[in-house]
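One letter stands for each residue in the lines below.
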Amino acid sequence: MRKDSRSRGQAVLEYILMVVMLAVTVAVIIRNSNLKIYNFWTGLARQVASPCASCSKPDAPEF
C-alpha cells in the first residue's frame, strides 16, 4: 500500500503544534518562577554580603 501524502503533512503539523505548546509551557513556567528565584538569590546575597553580624540587612527591592 502506498502512504497518503496527507498523513505525512498531518504528522509535520502535529509536530509543529507540539513544539509550540512545549515552548509556551516553558515560557509560562519561567515567567512565573522568575521572581521567586530572584528573591531567593537576592536574600542569599544579602546574608552573605552583610558588613557585620549585628548590622541590619537592607530591604529587598520592590517590584
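Remember, predicted model here, so these are calculated numbers, not experimental data.

Looking at the overall build of the chain
- When helices and strands are tallied, the chain shows 1 helix and 0 strands.
- Split into buried and exposed, the 63 residues of the chain put 3% on the buried side.

Description of a nonpolar patch on the surface
- Among the surface-exposed residues, V12, Y15, I16, M18, V19, V20, V24 and V28 lie close enough to one another that they form a single nonpolar patch of about 740 Å² accessible area.
- Tracing the backbone through its elements, the reader meets I16 in helix α1 (residues 5–48).
- Taking relative accessible area as the criterion, I16 reaches 46% and is therefore assigned partly exposed.

Details of the side chain of T42
- When you line up the elements, T42 lands in helix α1.
- Using a relative accessible area of 16% as the deciding quantity, one classes T42 as buried.
- A distance of 2.7 Å separates the side chain of T42 from the backbone oxygen of Y38, its partner in a polar contact.

Rules and cut-offs
Residues numbered from 1 in each chain as written. Predicted model: local features only at pLDDT ≥ 70, side-chain atom pairs only at ≥ 80, totals over all residues. Heavy atoms only, no water. Helix = DSSP H or I, 4+ residues; strand = E, 2+ residues; numbered from the N terminus. Buried < 20%, exposed > 50% of the residue type's maximum accessible area, 1.4 Å probe, protein only. Patch = residues over 30% accessible without salt bridge, like charges linked within 9 Å, V, L, I, M, F, W, Y side chains within 5 Å. Areas by Shrake-Rupley, 256 points an atom, 1.4 Å probe, with all protein chains shown as cover. Salt bridge = Lys/Arg side-chain N within 4 Å of Asp/Glu carboxyl O. Polar contact = N/O pair within 3.5 Å; in protein donor to acceptor, adjacent residues only side chain to side chain.

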